[in-house]
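What follows is the residue order along each chain.
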Amino acid sequence: MDIHFAGENALILYLGQETSPETAARVQAACLAIEAALAGDLIDLVPSYASVLVIYDPLRTDHMSVGHRMREALASTGPAVDVQGRTVVLPVYYGAEVAADLDALAERASLSAQDVVDLHSGTEYRVYAIGFAPGFAYLGQVDERIAAPRLATPRQKVPRGAVAIADRQTAVYPAVSPGGWNLIGRCPTRMFDPAATPTMPVAVGDRVRFEAISRDRFLALGGDLT
Amino acid sequence: MSLEVIQPGVLSLLQDRGRFGQHRIGLTTGGPLDPEAFFWCNRLLENDPACTTVEVSFGGGHFRCLADTFICVTGAGMPLTINGEEKPLWAVHRVTQGDEIRLDFAEQGCRSYLGVADGFTIEPSFGSTSTVVREKLGGLHGDKLQPGDVLPCARASGRKHYYLPPERQPRYQAMTTVRVIPGYQQAHFSRIQQRRFFSHAYTVSDRCDRMGYRLEGPAIRCDIDGILSEGICFGAIQIPADGQPIVLLNDRQTIGGYPKIGSALSLDAARLSQLRPGDTVHFAPISPHGAHNALHLAHSATRRPPLLEQPN
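Residues numbered from 1 in each chain as written. Chains lettered and ligands numbered in written order. Predicted model: local features only at pLDDT ≥ 70, side-chain atom pairs only at ≥ 80, totals over all residues.

Looking at this structure, how should I read the overall build of chain B?
The helix and strand tally for chain B stands at four helices and 22 strands. Expected size for 312 residues packed as a compact globule is a radius of gyration near 20 Å; at 20 Å, chain B falls within 12% of this value. Each principal axis of the C-alpha atoms in chain B carries an extent, and together these give about 60 × 40 × 30 Å. A total of 312 residues make up chain B; the buried ones form 52% of that total. Here the contacts in chain B between residues at least 6 apart in sequence split such that 78% fall between residues at least 24 apart. (Helix = DSSP H or I, 4+ residues; strand = E, 2+ residues; numbered from the N terminus. Rg over C-alpha atoms; globule rule 2.2 N^0.38 Å. Buried ≥ 20, exposed ≤ 12 C-beta atoms within 10 Å, placed from the backbone. Contact = placed C-beta atoms within 7 Å.)

Laid out in structure tokens, this is it:
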């Protein structure tokens, strides 16, 4: 079991070296086991692609006790069963007016724009991590044929709802922000809404499918073209 | 009942202890950069330790009282005046409606905490009033204080004039030593690189803010360029490709893909955040046992001693 010190009140558990559905399943199972084992001593957990950062209250417990309880909890969880997260469908309008990088991406891949859309919306993704900004969910893996490097010069302003690809990851920008991912569409679903319950439509471990929709449908769902 | 912001100064932010337990939706913690000064502000005012204060960075704040209450300013040496009359920091002062409170630019350190009896009454978001500008969360409107903002607070009577004697006040200097718990990708930094990191002085760069303090000095090389993005704890010290360390603080991103050599002890990160560009930082290793003991000792050292009352 690969547990490292992270900080004065944090340990980090490593569960693999690369992004894969199997590793993601182990991350999910580890989170549940650690939450149950640490209960009130836990301040926060940060699951990611192949690791779980465990932050505890150093005035209530210590690194030895936390490490011990993590090992015990993980040893008794047995082989990771894939916790079946929900499947969330996110509608996407892939029209050229909201897909600034779609043609360039298609050209690089020697595909038509429609092929890119079909490949993007024909794959089921998993939420591997949430971070970078509130509600920013990293979804993987994008079909190898449409994987694309980040832009050489990031945009100053990516609109809220922009659907984008970077390497083999895809995401929906939860808010206006700078960004260097390739924009291929726009999603009308709010990915982060402080006033809503839940705040986010997805959580780490959930599956996500994108569904191509028309411009009219996009507008009807409250999408914003600006 | 409130305090009106006439001039917020360079950067003034409402802060409580911070926003915890929300990393899984990507929210950072925020909270006071100098929790020690923040703690004393509330303790001297006999407040709950989580009460909301204003964190004033660098100084230049001007506030008007719209209530009879008590205030206290702790932290960096920003000259405090009430109606033009100089008043000590680290002490509780009575203020009445119409009084003008000014905080001049700091002579030592750069963060101070302005508190009122019972704290400012701010609606929490995600369990905290802490302002994180990057996330547009907390405070009055997810932003730094603006001229004309009104900070609600309760009318208060009957606070003791507690103060912290000078010999117990922290000294903010232009140089500090940050103890580091080795961890994360430490094994990917060779012995020579680790020795370089722990034996040279680093300078605070112009790029230092609530997200992190970027330092300049001998470049540290790591065996690996990047890692799969993983959770970043408070104080984590990232070493990007240019080899210049970044100590990640309260408003840090929750995950990231740069290698990290370890994490700063929070007690020392508090002193680091009182430094300005050009100031000097040394790093020293500390074991996890040592860090645990240091936290407990600091906890009891700030909470146990009885408070002293100013003879009035």
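The rest of the description comes next.
Where do I start with the overall build of chain A in this structure?
Looking only at helices and strands, chain A has five helices and 13 strands in total. Taking 226 residues into account, the globule formula puts the C-alpha radius of gyration at 17 Å, and chain A, at 19 Å, falls close to it. Across its three principal directions, the C-alpha atoms of chain A cover 55 × 35 × 35 Å. Within chain A, the fraction of its 226 residues that count as buried is 46%. Looking at chain A alone, contacts between residues at least 24 apart form 63% of all its contacts between residues at least 6 apart.

Before we go on, may I ask you to explain the domain arrangement of chain B in this structure?
The accessible area lost on association of the parts is a frequent measure of interface size. Residues and elements named next belong to chain B. Each assigned domain of chain B is listed with its residue range as follows: domain 1 (2-167) and domain 2 (175-300). Here the C-alpha centre of domain 2 lies 28 Å away from the C-alpha centre of domain 1. Listed by partner, the interface residues are 17 residues for domain 1 and 12 residues for domain 2. (Domains from an automatic or database assignment.)

How should unusual backbone geometry be read in this particular structure?
Glycine aside, negative phi is the norm for most residues, and most peptide bonds take the trans geometry. Residue and element names in this part refer to chain A. Geometrically, the link from Gly 140 to Gln 141 is a cis peptide bond, its omega value of -10° lying close to zero. Residues Thr 197 and Pro 198 are joined by a peptide bond in cis, for which omega reads -10°. Along the chain, Pro 198 turns up in the loop between β12 (182-186) and β13 (207-213). Positive phi is not limited to glycine here, since Ala 39 has a value of about 40°. Tracing the sequence through the fold places Ala 39 in the loop between α1 (21-38) and β3 (42-47). Residue Ala 39 is classed as exposed on the basis of its C-beta count, with 9 C-beta atoms lying within 10 Å.

Got a minute to help me understand the interface of chain B and chain A in this structure?
Taken together, the contacts link 33 residues of chain B with 34 residues of chain A. Those elements that provide at least two residues to the side of chain B that touches chain A are β13 (175-182), β16 (230-231) and α4 (288-303) of chain B.

Is there a simple way to explain the sheet that holds strand β21 (residues 280-285) of chain B in this structure?
As a general point, the strands of a sheet are linked pairwise by backbone hydrogen bonds and lie either parallel or antiparallel. All names here are of chain B. Judged by pairing direction, the barrel is mixed, and its seven strands sit side by side in the order β13-β20-β17-β18-β15-β14-β21 before closing back on the first. Neighbour-to-neighbour, the strand axes of this sheet turn through a mean angle of 40°, independent of strand direction. Note that strand β17 (residues 236-238) and strand β18 (residues 246-248) share two bridges and pair antiparallel. Residue pairing in the sheet places Ile 237 in a bridge with Val 247 of β18. (Pairing = 2+ DSSP bridges. Axes fitted to C-alpha atoms, helices over the stretch in contact; angles between N-to-C directions.)

Help me understand the packing of α1(A) against helix α2 (residues 63-75) of chain A, please; the structure alone is not making it clear to me.
Each pair of packed helices can be summarised by the angle the axes make with each other and by the distance between the axes. All names here are of chain A. Running from N to C, α1 and α2 cross one another at 130°; their axes reach a closest spacing of 9 Å. One way to sum up the angle between α1 and α2 is to call them oblique. For the pair α1 and α2, the sense of crossing is right-handed. Of the residues in α2, those touching α1 at Ala 30, Ala 33, Ile 34, Ala 36, Ala 37 and Leu 38 are Val 66, Arg 69, Met 70, Glu 72, Ala 73 and Leu 74. (Parallel < 35°, antiparallel > 145°, perpendicular 65-115°, else oblique. Left-handed = near helix turned anticlockwise from the far one by under 90°.)

Explanation requested: the environment of Asp101(A) in the structure shown.
All names here are of chain A. Mapping Asp 101 onto the fold places it in the loop between β5 (87-93) and α3 (102-108). Taking the number of C-beta atoms within 10 Å as the measure of exposure, Asp 101 has 18 and is therefore partly exposed. C-alpha of Asp 101 to C-alpha of Gln 28: the two residues are 73 residues apart in sequence and 33 Å apart in space. Residues contacting Asp 101, with those up to four places away along its chain left out, are Asn 182, Leu 183 and Ile 184.

What am I meant to see in the sheet that holds strand β2 (residues 11-15) of chain B here?
Residues and elements named next belong to chain B. Pairing is antiparallel across the open sheet formed by five strands, whose spatial order is β2-β3-β10-β5-β8. At either margin of the open sheet sits one strand with a lone partner, and together these are β2 and β8 (92-95). The sheet shows a mean angle of 25° between the axes of neighbouring strands, taken without regard to direction. Pairing of β2 with strand β3 (residues 53-57), which is carried by five bridges, proceeds in the antiparallel orientation.

Explain the nonpolar core to me, please; I cannot follow it from the model alone.
Nonpolar side chains tend to gather and get buried jointly when the protein is soluble and globular. Residue and element names in this part refer to chain A. Formed by 112 residues in total, the largest nonpolar core has its most connected members in Ala 30, Ile 34, Leu 53, Val 54 and Ile 184. Ranked by the residues each element gives to this core, the list is headed by α1, at 10 residues. Excluding anything up to four places from it in sequence, Ala 30 contacts Leu 13, Leu 15, Val 52 and Leu 74. (Core = buried A, V, L, I, M, F, W, Y, C linked by C-beta atoms within 7 Å.)

Hey, could you run me through the pairing of strand β14 (residues 202-208) of chain B in this one?
Along any regular strand, the residues point their side chains to alternate faces of the sheet. Residues and elements named next belong to chain B. As paired strands, β14 and β21 are joined by two bridges and run antiparallel to one another. Each residue of the ladder has a partner; that of Thr 203, found in β21, is Thr 280. In this sheet, strand β15 (residues 212-216) lies alongside β14 in antiparallel orientation, the contact comprising three bridges. Across the sheet, Cys 208 pairs through a bridge with Tyr 213, a residue of β15. The antiparallel hairpin formed by β14 and β15 contains three residues in its connecting segment.

Sorry if this is basic, but what is going on with the confidence of the model for chain B here?
Do not read the fine detail of predicted coordinates wherever pLDDT is low. Across chain B, the average pLDDT comes to 96, with 100% of residues at 70 or higher. Across the interface, the model reports ipTM at 0.95; the global pTM reads 0.93. (pLDDT = per-residue confidence, 0-100.)

Can you help me understand the domain arrangement of chain A in this one?
All names here are of chain A. Per the domain assignment, the segments of chain A are domain 1 (2-75) and domain 2 (87-220). For domain 1 and domain 2, the distance between their C-alpha centroids amounts to 29 Å. Taken together, the seven residues of domain 1 in the interface contact seven residues of domain 2. When residues of the side of domain 1 that touches domain 2 are assigned to their parent elements, the largest contribution, three residues, is made by α1. For the side of domain 1 that touches domain 2, a count of residues per class yields four nonpolar, three polar and no charged. (Nonpolar A, V, L, I, M, F, W, Y, C, P; charged D, E, K, R; others polar.)

Would you take a moment to explain the pairing of strand β9 (residues 162-166) of chain A for this structure?
Residues and elements named next belong to chain A. For β9, the buried fraction is high: four of the five residues fall into the buried class. With four bridges connecting them, β9 and β12 associate as antiparallel partners. Within the sheet, the bridge partner assigned to Val 163 lies in β12 and is Gly 185. Turn length for the β9-strand β10 (residues 169-172) hairpin, with the two strands adjacent in sequence and antiparallel, is two residues, and the turn residue Asp 167 shows positive phi of about 50°.

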